[in-house]
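Chain and residue survey
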Amino acid sequence: MTCAACVNSVEGILRDLHGVKRAVVSLATSLGEVEYDPNVITKDGIVNAIEDAGFEGSLVQSSEQDKIILEVAGTSNELDAQLLEGILRNLKGNLKGIRHTHFDRASRQLDVLFDPEVVGSRSFVDAIESGSNGKFKLHVKNPYTRMASKDMEESSNMFRLFTASLFLSVPVILMRVVCPRIPLLYSLLLWRCGPFQMGDWLKWALVTVVQFVIGKRFYVAAGRALRHGSTNMDVLVALGTSASYFYSVYALLYGAITGFWSPTYFETSAMLITFVLLGKYLETLAKGKTSDAIKKLVELAPATAILLVHDKGGKIVGEREIDALLIHPGDVLKVLPGTKVPVDGTVVWGLSYVNESMVTGESAPVLKDMNSSVIGGTMNLHGSLHIHATKVGSDTVLSQIICLVETAQMSKAPIQKFADFVASIFVPTVVAMSLLTLLGWYIGGVVQAYPEEWLPENGNYFVFALMFSISVVVIACPCALGLATPTAVMVATGVGASNGVLIKGGDALERAQLVRYVVFDKTGTLTQGKASVTTAKVFTEMERGEFLTLVASAEASSEHPLAKAIVEYARHFHFFEPSTSKDTEDHSDPSKFPAWLHDVSDFSSLPGRGVQCFIDGKLILVGNRKLLSENGIAISTTVEKIVVKLEESAQTGILVAYDGTLIGVLGVADPLKREAAVVVEGLKKIGVKPVMVTGDNSRTARAVAREVGIQDVWAEVMPAGKAEVIRSFQKDGSLVAMVGDGINDSPALAAADVGMAIGAGTDIAIEAADYVLMRNNLEDVITAIDLSRKTFSRIRLNYVFAMAYNVIAIPVAAGVFFPWVKIKLPPWVAGACMALSSVSVVCSSLLLRRYRKPRLTTILEITIE
């Protein structure tokens, strides 16, 4: 694909296929993503449709994970190939689940189609290797490595074409420019050989090879586009070079027949093709750089892993090195110090620190011991670990990040619609302008509108007009417009991923730059989400230990952070208070601690109010004022004063009622994140208004808001009500971003124009969010907005350049200014300008790779002495 018109053509072909639900194609990555019904159309059917349209297509990977491509080492001759095919035939008969195998002898590539529910990929790899007595070694070909090798192949192919074209074009230029100054050579070129001079024969022969052998790709692509009713850059190149070539052939034949020799312009078409190929080669190199982020993410995963072999009793009896892409869930793997964790899993033995910065962005190494979870691609620093593989293949965190970045790079920002529209009318418009140029200059010459001295030596009015016309055709560049947005989005999503900010698409990136309000959830977003009990007051004769046990029993089934804080406080009190030391139960194992809790029945969590359940047949209520008043329990003035005092000091007051009586109150504090106040101030500085929405009571909410500097506070809002708050800000057309922890904030994240899930860590597949902020750091909110603004200022600059280039270059090429300044662009110079314009747009997008996160000290204009 060469420009936006090609993309539109391929998307149209795919969407018209029966059974295809959705198709997105990216110019910058040369990738397509197709959602289809496998009962109606097959993967091969989709690839064939692309190839029938004249494009090259091949399957990269599928969500079904039922195909594996293996590289076979050890097949050096025909006998080896026959041995392998024999093993494969036996395998299909003996091993269930293998549907189809195909071995390509030239590439030594083995394709295996299998049922992953019946047979694992490692099973048949082991069977093939053991069947050959170790003669064959099989390695899984990573789809991303295959893509990278195809990109390299395309780049090297373009370089070969360019060098061949240059090698053949330089002699043509020398014959035109240098040889007339060297008498001996010039006399040889003027030597008549049949109807033409030797120089004419040589030029014709050399340029014919350039035009139809090296330049064949332009004719094929142009024919493909016209066959589907669209036009692209190849149509312009084919038109311009053909006009120059066929006019030169006509001038030669006309001279041979009539004896009137006109100048030929063979060098024009040869140099045109040479410069266009140079531009394409530079463009493929530059486009390759835009996908560096994905390459770096892919390289994080190690190629091999050490599998621990167990006997039937579960005892380790050995270890073996296997391909990391052949790990199955449930495998136990050994991770040595200084090596990478191969897949996501749980530590079953060992103690070590792991550097997770490359995946989560957290710089400090994390301690891993028994039952700790580990992420594939992270670096084990000190001790050896044995890990139990839980997620492999496309289910790992790293694979999901790569998938997310890829999807974002595939998606189209709304601003891209402008380029698609221009691409659809660009080529026909340019061809029409070229014809007008030809007619204008030719008719102007015939009617003597300009002097004959303007004509080139031995030239005529038609040739004079034709050169302007060809320059118009070849200088116009639809590629620069088509690449302006996708290349910038590609680089931005990659830069975001390397900074722990995952962007789910170009549309989200475009909306974030226009955000006017950022709505923060309180618990776990502005605060650390690590609540702790600060106060526990009992109003009855009940012992403090029994009171805490009752409350913890009620809260043990709740997932709310405050509930967890209460259970942890009660557990700590139960384990370590002297009054409970007579308890003989073993509490050394944390997994046994619920044994001291009471049995509960009819538990229910009431969002925005608290929890209720029955203990020993009596109703216990743990929550806020609303919960107690709904159940007809009065709150005395004394208790109210205690709760108000807690709330004014930014703590949450939790009331406890048992069997119809108010028995106590708990004060729970959730400390603010240290960067919260600075980030809020930073948002104000960049023109964004911060808002806080919380289900907590008004006094606590306002106390927290005062500490961070937020004026607009919405308190006592239910989870569903948060979405309504966001809609109220959207009424005047403002764009609103919601920052939440991605669990109970899903409705609000979905309602916001830009949803940001913060502190997601490994849970990156939060569907409601547009941005996933891997680190639990509010500074990334500013990074997300700033990156969006920088990206779209770059895209606008790309469009200005691409449009300005065409607006200025086409009139110059058409000779609009020639009567005054006598500037005339030869077609080969016009071709060079066209080739370099698209390269310059890609290079402009690549400057985004130098993006650095904004320093809060700079935003706030703080000077550090």
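In case you missed it, the structure is sitting above this.
A few points on the structure. Since this is a predicted model, take the numbers as computed values, not measurements.

Conventions we followed
Within each chain, residues carry numbers counting from 1 in the order of the written sequence. Restriction of local features to residues with pLDDT of at least 70 applies here, the model being predicted, together with a cutoff of 80 or more for giving and counting side-chain atom pairs; totals for whole chains, interfaces and linings are based on all residues. Just so you know, side-chain values use all the structure's heavy atoms and leave hydrogens and water out. Patch membership requires over 30% relative accessible area and the absence of a salt bridge. Like charges are linked within 9 Å, and nonpolar side chains (Val, Leu, Ile, Met, Phe, Trp, Tyr) within 5 Å. Areas reported here follow the Shrake-Rupley algorithm with a probe of radius 1.4 Å; residue values treat only the protein chains shown as occluding. Any Lys or Arg side-chain nitrogen found within 4 Å of a carboxyl oxygen on Asp or Glu counts as a salt bridge. In this description a helix means any DSSP run of H or I spanning at least four residues, a strand means any run of E spanning at least two, and both kinds are numbered starting from the N terminus. Burial classes: relative accessible area under 20% of the type maximum marks a residue as buried, over 50% as exposed, and values in between as partly exposed (1.4 Å probe, protein chains only). When checking whether two residues touch, look at their non-hydrogen atoms; a contact exists if any pair is within 4.5 Å. Note that the arc is computed from the directions linking the helix axis to the C-beta atoms. Polar contacts here mean pairs of N or O atoms no more than 3.5 Å apart (in protein, one a potential hydrogen donor and the other a potential acceptor; neighbouring residues in sequence count only if both atoms are side-chain atoms). Think of it this way: a Phe, Tyr or Trp ring, Trp meaning its six-membered ring, pairs with another when their centres are within 6.5 Å, and the plane angle makes it stacked under 30 degrees, edge-to-face over 60, tilted otherwise. Only lysine NZ and arginine CZ atoms are considered, and such an atom sits over a ring when it is within 6 Å of the ring centre and within 35 degrees of the ring normal.

Residues Leu166, Val170, Leu174, Val177, Val178, Ile182, Leu184, Leu185 and Leu188 make up a contiguous nonpolar surface patch of about 720 Å² in total accessible area. Looking at the nonpolar patch, the elements with two or more residues in it are helix 5 (143-177) and helix 6 (183-190). Per-element tally for the nonpolar patch: the top contributor is helix 5, with four residues. With respect to the helices and strands, Ile182 occurs in the loop between helix 5 and helix 6. Assessed through its relative accessible area of 34%, Ile182 is described here as partly exposed.

As a further point, take the side chain of Lys368. Structurally, Lys368 is set in strand 14 (residues 366-368). Once residues within four sequence positions are removed from consideration, Lys368 is found in contact with Val347, Gly350, Leu351, Ser352, Val354, Glu356, Ser373, Val374 and Leu385.

Okay, the pattern of salt bridges next. Counted according to the given criterion, the structure contains 25 salt bridges. One salt bridge in this structure joins Asp507 and Arg511, with 3.9 Å as the shortest N-O distance. Of this pair, Asp507 and Arg511 both sit in helix 17 (residues 506-512), four residues apart, which is roughly one turn of the helix. The closest approach of N and O atoms between Arg775 and Asp780, which form a salt bridge, is 2.9 Å. For the pair shown, Arg775 and Asp780 are each scored as buried. Connected via shared salt-bridge partners are Arg625, Glu640, Glu647 and Arg699.

One non-glycine residue, Asn371, lies in positive phi territory at about 70°. Tracing the backbone through its elements, the reader meets Asn371 in the loop between strand 14 and strand 15 (373-374). Assessed through its relative accessible area of 63%, Asn371 is described here as exposed. Its identity as a non-glycine residue notwithstanding, Ala650 has a phi of 65°, on the positive side. Assignment of secondary structure puts Ala650 in the loop between helix 22 (637-648) and strand 24 (652-658). A residue is classified by how much of its surface remains accessible, and Ala650, at 14% relative accessible area, is buried.

The subject of this paragraph is helix 25 (residues 719-730). Turning to helix 25, its buried residues are Lys722, Ala723, Val725, Ile726, Phe729 and Gln730. Seen along its axis, helix 25 keeps its buried residues to an arc of 155°; they face one direction. Packing partners of the buried residues in helix 25 comprise strand 19 (515-521), strand 26 (689-693), strand 27 (712-714), strand 28 (735-740) and helix 26 (746-751).

Before going further, it helps to examine the environment of Lys334. Here Lys334 lies in strand 11 (residues 332-335). For the pair Lys334 and Val347, spaced 13 residues apart in the sequence, the C-alpha separation amounts to 9.9 Å. For Lys334, the residues in contact, after removing those within four places along its chain, are Ile306, Leu308, Glu319, Leu385 and His386. Polar contacts involving the side chain of Lys334 include one to the side chain of Glu319, which spans 3.3 Å.

What follows is about the packing of aromatic side chains. In this structure the tally under the stated criterion is 24 aromatic pairs. Consider the rings of Phe114 and Phe124, whose centres lie 5.2 Å apart with planes at 65°: the pair is edge-to-face. With Phe114 in strand 5 (residues 109-114) and Phe124 in helix 4 (residues 121-131), this pair connects stretches of sequence that are 10 residues apart. Accessibility assignment for this pair places Phe114 and Phe124 in one class, buried. For the pair Tyr247 and Tyr250, a centre-to-centre distance of 6.4 Å together with 45° between the ring planes defines the contact as tilted. Residue Tyr247 and its partner Tyr250 are both found in helix 9 (residues 233-258); the two are separated by three residues, about one turn of the helix. By relative accessible area, Tyr247 is classed as buried at 8%. Through successive ring pairs, a cluster of aromatic residues spans Trp441, Tyr450, Trp454, Tyr461, Phe464, Phe468 and Phe818. Positioned above the aromatic ring of Phe218, the side-chain terminus of Arg217 is 5.5 Å from the ring centre.

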